[in-house]
Amino acid sequence: MYPYGTGMPYSSHPSTSEQPKVPFGVGWVSAPVKQIVSHSTPYPLPATQSNQQQQEQQFQQYPNTQHAGGVTSCPYPLTSAPYPGSTLYPINHAQSMPTNQHSQSQFNQHSNATYLAGYTPAMTSAYGYDSSNYHAQQQGRGNVQSFGHDQVQPQGYGHEHGHGYGYSHEHVQQSLNQRLTANKEGTPTLLPAQAFDPVKDAHDLRKAMKGFGTDEDKLIEIICRRNNEQRQEIQRQYKTHFGKDLIEDIKGETSGNFQKLLVGLLRPIVDYYCAELNDAMAGLGTDEEVLIEILCTLSNVEIHTIKNQYLRLFGAHLESELKSETSGNFKRLLISLCAAARDESGRVDPNKAKEDARELLKAGELRVGTDESMFNMILCQRNYQQLKLIFQEYESITGHSLEKAIKKEFSGDIMEGLIAIYKCVTNKAEYFASRLHKSMAGIGTNDKQLIRVIITRCEIDLADIKVAFERLYGKSLKSWIKVSIYVCCTYIYL
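Being a predicted model, the structure only gives us computed values, none of them experimental.

**Considerations on the overall build of the protein**
In terms of helices and strands, the protein carries 24 helices and 4 strands. The burial tally for the protein puts 54% of its 494 residues in the buried class. Nonlocal contacts in the protein, meaning residues at least 24 apart in sequence, comprise 77% of its contacts between residues at least 6 apart.

**Looking at unusual backbone geometry**
Negative phi characterises most residues that are not glycine, and trans characterises most peptide bonds. The phi angle at Ala195 is positive, at roughly 50°, despite the residue not being glycine. In the Ramachandran plot, Ala340 falls in the positive-phi region, its phi being about 55° despite a non-glycine side chain. Inspection of the secondary structure assignment puts Ala340 in the loop between helix H15 (328-338) and strand E4 (347-348).

**Observations regarding helix H18 (residues 384-398)**
Its 15 residues place the ends of H18 21 Å apart at the C-alpha level, agreeing with the 21 Å of an ideal helix rising 1.5 Å per residue. Restricting attention to buried positions, one finds in H18 the residues Tyr384, Gln385, Gln386, Leu387, Leu389, Ile390, Phe391, Glu393 and Tyr394. Looking at the packing, one finds that the buried side of H18 touches E4, helix H16 (350-363), helix H17 (372-381), helix H19 (402-409) and helix H20 (412-440).

**Observations concerning the side chain of Asp356**
Looking at where Asp356 falls in the secondary structure, it is placed in helix H16. Contacts of Asp356, omitting those with residues within four sequence positions, involve Ile378, Arg382 and Ile390.

**What about the nonpolar core?**
Within the largest apolar cluster, 98 residues are counted, with the highest numbers of intra-cluster contacts made by Ile306 and Leu402. By residue number, the principal contributor to this core is H20, which donates 15 residues. When near neighbours in sequence (up to four residues on either side) are disregarded, Leu402 contacts Leu360, Phe375, Leu379, Phe391, Tyr394 and Tyr422.

**Regarding the confidence of the model for the protein**
Chain-level statistics for the protein give a pLDDT mean of 74 and a share of 61% at 70 or above. Per-residue pLDDT stays below 50 along residues 37-52; that stretch engages in 25 contacts with residues further than four places along the chain or on separate chains. Here residues 54-167 is modelled with pLDDT under 50, and outside its nearest four sequence neighbours on either side it reaches 251 contacts, counting other chains as well.

**As for helix H11 (residues 269-281)**
Along its 13 residues, H11 runs 19 Å from first to last C-alpha, staying within 8% of the 18 Å computed at 1.5 Å per residue. Burial runs high along H11: 12 of the 13 residues are buried. For H11, every residue scored as buried is listed here: Ile269, Val270, Asp271, Tyr272, Tyr273, Cys274, Ala275, Glu276, Leu277, Asn278, Ala280 and Met281. Phi turns positive, to about 70°, at Gly283, one or two residues after H11.

**Concerning the state of the cysteines**
Disulfide: a covalent bond connecting the sulfur atoms of a pair of cysteines. Overall, the coordinates contain 0 disulfides when judged by the stated rule. In this model Cys296 remains outside any disulfide bridge; the closest cysteine sulfur is found in Cys424, 6.7 Å from its own. When its relative accessible area of 3% is taken as the criterion, Cys296 is described as buried.

**A look at the environment of Lys210**
You can see Lys210 is positioned in the loop between helix H6 (198-209) and helix H7 (216-223). Separated by 39 residues in sequence, Lys210 and Asp249 have C-alpha atoms that sit 9.7 Å apart.

**A few points about the pattern of salt bridges**
Applying the stated criterion across every chain, the model contains 24 salt bridges. The partner of Glu221 in a salt bridge is Lys218, with the nearest N and O atoms 3.6 Å apart. Within this pair, Glu221 and its partner Lys218 are both found in helix H7, separated by 3 residues, close to a single helical turn. The class of Lys218 is partly exposed, set by a relative accessible area of 24%. Of the charged contacts in the structure, one is a salt bridge between Glu355 and Lys352, with a shortest N-O distance of 3.5 Å. In this pair, Glu355 and Lys352 both sit in helix H16, 3 residues apart, roughly one turn of the helix. Ionic contacts of the salt-bridge type, sharing partners, join the residues Glu276, Asp279, Glu289, Glu293, Arg435, Lys438, Lys448 and Arg452 into one network.

**Details of the packing of H11 against helix H12 (residues 288-295)**
At a closest axis distance of 8 Å, the pairing of H11 and H12 adopts a crossing angle of 150°. What the angle tells us is that H11 and H12 run roughly antiparallel. Seen from above, H11 lies across H12 with left-handed handedness. Note on element contacts: H12 touches H11 through Val290, Leu291 and Ile294, opposite Tyr273, Glu276, Leu277, Ala280 and Met281.

**A look at the packing of aromatic side chains**
By the definition in use, this model includes 8 aromatic pairs. Relative to Phe410, the ring of Phe375 has its centre 5.1 Å away and its plane inclined at 80°; by these criteria the two rings are edge-to-face. With Phe375 in helix H17 and Phe410 in the loop between H19 and H20, this pair connects stretches of sequence that are 35 residues apart. For Phe410, a relative accessible area of 7% translates into the label buried. Consider the rings of Phe469 and Trp480, whose centres lie 5.9 Å apart with planes at 75°: the pair is edge-to-face. Residue Phe469 is located in helix H22 (residues 462-473), and its partner Trp480 is located in helix H23 (residues 477-480); the two are separated by 11 residues in the primary sequence. Aromatic ring contacts, followed pair by pair, group Phe469, Tyr473 and Trp480 into a single cluster.

Rules and cut-offs
Residues numbered from 1 in each chain as written. Predicted model: local features only at pLDDT ≥ 70, side-chain atom pairs only at ≥ 80, totals over all residues. Heavy atoms only, no water. Helix = DSSP H or I, 4+ residues; strand = E, 2+ residues; numbered from the N terminus. Buried < 20%, exposed > 50% of the residue type's maximum accessible area, 1.4 Å probe, protein only. Contact = heavy atoms within 4.5 Å. Expected span 1.5 Å × (residues − 1). Core = buried A, V, L, I, M, F, W, Y, C linked by side-chain atoms within 4.5 Å. pLDDT = per-residue confidence, 0-100. Disulfide = S-S within 2.5 Å. Salt bridge = Lys/Arg side-chain N within 4 Å of Asp/Glu carboxyl O. Axes fitted to C-alpha atoms, helices over the stretch in contact; angles between N-to-C directions. Parallel < 35°, antiparallel > 145°, perpendicular 65-115°, else oblique. Left-handed = near helix turned anticlockwise from the far one by under 90°. Phe/Tyr/Trp six-rings, centres within 6.5 Å; stacked < 30°, edge-to-face > 60°.

Right under this line is the structure:
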């Protein structure tokens, strides 16, 4: 289960799994490097494994897929699959459908799993979601039909209520947990509160806002010392006990950047990402830096989750919005990232890396003009471990980094997007440190950008970002934070 706000159903029952929880937004966590020697395809499976072993391994990693005599070829939702229909939740129809043996067995093992056609809803207190009742209702929904490789559809749901494809919630979490176990990504500064009592916290918050004045210290103490999952439970208890929405009460009692930070922390994290993307494209002009920061740093599963939730919240397809608000090579870069089809196998091929490095050189520095499509294809499709190898090969050939070549060959938003990918591959902490520095450098402060990075990284790698910030700029991050949100931010990352 995500620490919360991921667009996944929340359960207040303690998890029986011993696997660590993965914060949404962690991006791709690379698995141990698997060097390959066969070159029939760019990233083949090790030749030493038998087909049966491959199939068993694939089924363990992606339990909700259909295995028709071989290994599934696509571990992520098909990028060409349309979005879900207007109906948001599965409907239990009387007619039954034939079931796939593997899918049904997995569904029975996880009776509280909900299979949705291409949709992963963020059902929190804001939507009146009650976890125990919801799971009790879902246990009778029954049959699951597999379509192709990774498409799992609820009984009777496909023909009338949408045509997209999606994962079960347990499947998404299992996939992320496996990646985190393989290679832990980042050091958070905000951890789950011990001896957590959501009912007491809800009453304390109500007391802090009741009557004349507001106890802002109490708001900070509670909201900024709980992780996102715990904050969603507090909101649910607040609404249950007082019949009021916590976010609306916070808006009525606070203002300015302090309000923006508290409201951002209280939102489910997927909803927060969606709101930031929507705000970046709303009205006149577009904040391209927000689009780059979000789409260039997340994993395939996370981008798919955001796309589905964006459609639910704003009634529009994220890809369509990107097409209408951007243009040229930058638009093509964002559409490639939005497709969320990057290879995430973690396998590397040294020969292929040399070939790609030469292709990048021929597409840029060795020709008049630039073949932007080659940069787009390689940087948006290769896995992070392979990209690191490609960058090393490029530097060994040319004597300078690919980042320098990108700055020479590109300009504007497309340059910023490609450099963001480069930095996330080489050192993601330094990338976000530069984002924080840019938000505070010069005249004035980009408070929205500062707040966004603090909120989205505090449960992932903000401690690493602090170290990178001081190494790059010679002063601590704490000393740079402006007074307007100093106290609240301090509680989050100290």
